[in-house]
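One letter stands for each residue in the lines below.
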Amino acid sequence: GLLAIRAEPKSFCISYWASLEGTLLHTSTTMTRKTFVIVVRADPIVCGHSTEARNLAEAALLAGYEPYIVTWSEELLERSGLPLKPKNAIEPYSEGITILRPAPVGNYKILDGRYNLGMTSAIVDLASQDPTMEMTIMCLYLQPHASIVLDAVEAIRGAWGEDFDVTTIAEAVGSDVTNLLSNALVDGNFGAAVTVLTQFLAFDIPVCVSQFTLDEIMRHALEVDAKINTNFTSRIKAKAALSYPALCCTDYTELPASVASSVLAERQLIPNKYVLYLSRVIEAKGVFELVEGFSKSRLIDAGYELVIAGCGEALKDVQEVTKSIPSIRHITDVADSEKAAIFNGASAYVLPSKFHPTFVETFGIVITEAMLTQCGPVITCRTGGIPEATGDHCVYAVPGNSEKSGVAFDTCAESLREKLELVCLDMSESERTTLTNGAREYSLQFDRSNVFALLESKANAARSA
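Only a predicted model underlies this, so the values are computations on that prediction, with no experimental measurement involved.

S.K.: Teacher, can you tell me more about the sheet that holds strand β15 (residues 378-381) here?
M.R.: Paired through backbone hydrogen bonds, the strands of a sheet run either parallel or antiparallel to each other. A sheet is described by the order of its strands in space; here six strands give the open sequence β13-β12-β11-β14-β15-β16, paired in parallel fashion. Lying at the two open borders of the sheet, with one neighbouring strand each, are β13 (328-331) and β16 (395-397). Neighbouring strand axes in the sheet, compared pairwise and without regard to direction, differ in orientation by 25° on average. Of the strand pairs in this sheet, strand β14 (residues 348-351) and β15 are connected by three bridges, and their pairing is parallel. Counted as the bridge partner of Tyr349 is Val378 from β15.

S.K.: Before we go on, may I ask you to explain the pairing of β13 in this structure?
M.R.: On a regular strand, one side chain projects to one face of the sheet and the next to the other, so that they alternate. Alignment of strand β12 (residues 305-309) against β13, held across four bridges, turns out to be parallel. Bridging from a neighbouring strand, Ala309 pairs with Ile331 of β13. Handedness of the crossover is the feature at issue here: the chain leaves β12, passes through helix α12 (residues 315-322), returns alongside β13, and the resulting connection is right-handed.

S.K.: Just checking my understanding: could you explain the packing of helix α1 (residues 48-62) against helix α18 (residues 448-464) for this structure?
M.R.: Packed helices, taken two at a time, are described by the angle between their axes plus the distance between the axes. At a closest axis distance of 9 Å, the pairing of α1 and α18 adopts a crossing angle of 75°. The pairing of α1 with α18 is recorded here as roughly perpendicular in orientation. Residues Asn55, Leu56, Glu58, Ala59, Ala60 and Leu62 of α1 form the contact with α18, whose participating residues are Arg448, Val451, Phe452 and Leu455. The residue makeup of the contact of α1 with α18, split by class, is seven nonpolar, one polar and two charged.

S.K.: What should I look at first to understand helix α8 (residues 232-239) in this one?
M.R.: One full turn of an α-helix is made of 3.6 residues, so residues set three or four places apart face in the same direction. By the burial criterion, the buried members of α8 are Phe232, Thr233 and Ile236. Seen end-on, α8 carries its buried residues on one side only, within an arc spanning 100°. In this structure, the buried residues of α8 make contact with α6 (190-202) and α7 (211-228).

S.K.: Would you take a moment to explain the side chain of Arg54 for this structure?
M.R.: With respect to the secondary-structure elements, Arg54 resides in helix α1. For Arg54, the side chain forms a polar contact with the main-chain oxygen of Pro92, separated by 3.4 Å. Leaving out residues up to four positions away in the same chain, Arg54 has contacts with Asp43, Ile69, Ile90, Glu91, Pro92, Tyr93 and Asp336.

S.K.: Would you take a moment to explain helix α4 (residues 145-160) for this structure?
M.R.: Between its first and last C-alpha, α4 extends 22 Å over 16 residues, near the 22 Å set by a 1.5 Å rise per residue. Along α4, the residues classified as buried are His145, Ala146, Ser147, Ile148, Val149, Ala152, Val153 and Ile156. Contact partners of the buried residues in α4: β4 (34-39), α3 (114-128), β7 (134-140), β8 (165-172) and α6. Of the residues flanking the end of α4, it is Gly161, one or two places downstream, whose phi is positive at about 95°.

Cut-offs applied
Residues numbered from 1 in each chain as written. Predicted model: local features only at pLDDT ≥ 70, side-chain atom pairs only at ≥ 80, totals over all residues. Heavy atoms only, no water. Pairing = 2+ DSSP bridges. Helix = DSSP H or I, 4+ residues; strand = E, 2+ residues; numbered from the N terminus. Axes fitted to C-alpha atoms, helices over the stretch in contact; angles between N-to-C directions. Right-handed = clockwise from strand over helix to strand, strands pointing away. Parallel < 35°, antiparallel > 145°, perpendicular 65-115°, else oblique. Contact = heavy atoms within 4.5 Å. Nonpolar A, V, L, I, M, F, W, Y, C, P; charged D, E, K, R; others polar. Buried < 20%, exposed > 50% of the residue type's maximum accessible area, 1.4 Å probe, protein only. Arc of directions from axis to C-beta. Polar contact = N/O pair within 3.5 Å; in protein donor to acceptor, adjacent residues only side chain to side chain. Expected span 1.5 Å × (residues − 1).

Printed below as a string of structure tokens:
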């Protein structure tokens, strides 16, 4: 019941010849086996954090770890309603990275949690291979992954003792704030909020993907403390840290010109004659306002297209709204290998995310990907953690809100029209170059090697504490 892609793990033994006062001596030493386990909603899910998990696994491999990604079965994902990439659009992982998709454990009598138990069991099975290993377990998204990891650690230490070398990292992302904490507190469900915050603090290293995310967790913790006399705020302030998402910068900065031109030709895209929206197609990301702004802009008469690349809950509604506008087209099957080229050819990349009850952009991984390719300038909104992703090397439009019509909608659409015309038609080439050069330089800090090195340093410090 366990699907794994990997060769059998290797033991680590180094033999070498040493010279001591002219005498050759044969010596050997055994290195501790180091594993880095990531529990996440991984490919084929369309999500920046599935890309981040891949990048962390690749960085761990280069740093000498055995990386494992423990994720959900494809059968479950296919009926989940989550936006998924086509299987043939997913780039293979490097040899040495194991993807585990455990089958559920138990039968129909277990109403929920069968897949959770399967994933917990996979981590414990991995630990059983070598109780002398050094294991680091990281989860992206607190729920339900935090429970999976904490249950695994309890089982590992229950089986092999407290001395088993395991260190845990929990990364809180956007949906942990908007989908869990915010909604729980709006509903008055303080039990749920307490559970989320307690599990976050139970990890050796609790981190957030942006300062905005950390600030939001602190704000919610303060509300919980005031309501039910807890002390989460001071504990989170003392323990939680920042860890930005990990990207593979060279995937975007070292794009061969031949590959870029081939991809655009295959997709029938004309370089610098299209505006790109590439993300999940959901109302909270401002896609309807973008359609409205583009349709009223001078770009259509100038021969530009708006390319909406992605899928999501609002895709059918957006397709319905745009079906009579020939200059707006949809791509729903972008492959990993095409993404950099499609970014690179755009005259502008637009992601007008807004503050919304169901979603707030707590960083904006896709924005940094676009900036790394040096496509046309990024147009976005100063919402959530987006300014941390852009470093202000972008053009900001006025954000919308949760309304699908009305003053805020019209204001955002009009602002997007102005910014589209500014960036694509009115901005000088030198101004565009200055903006895109600064954007790429700023984004290089998010390279996966840098992010992983900081996480590894935190894990080593926690082991030594």
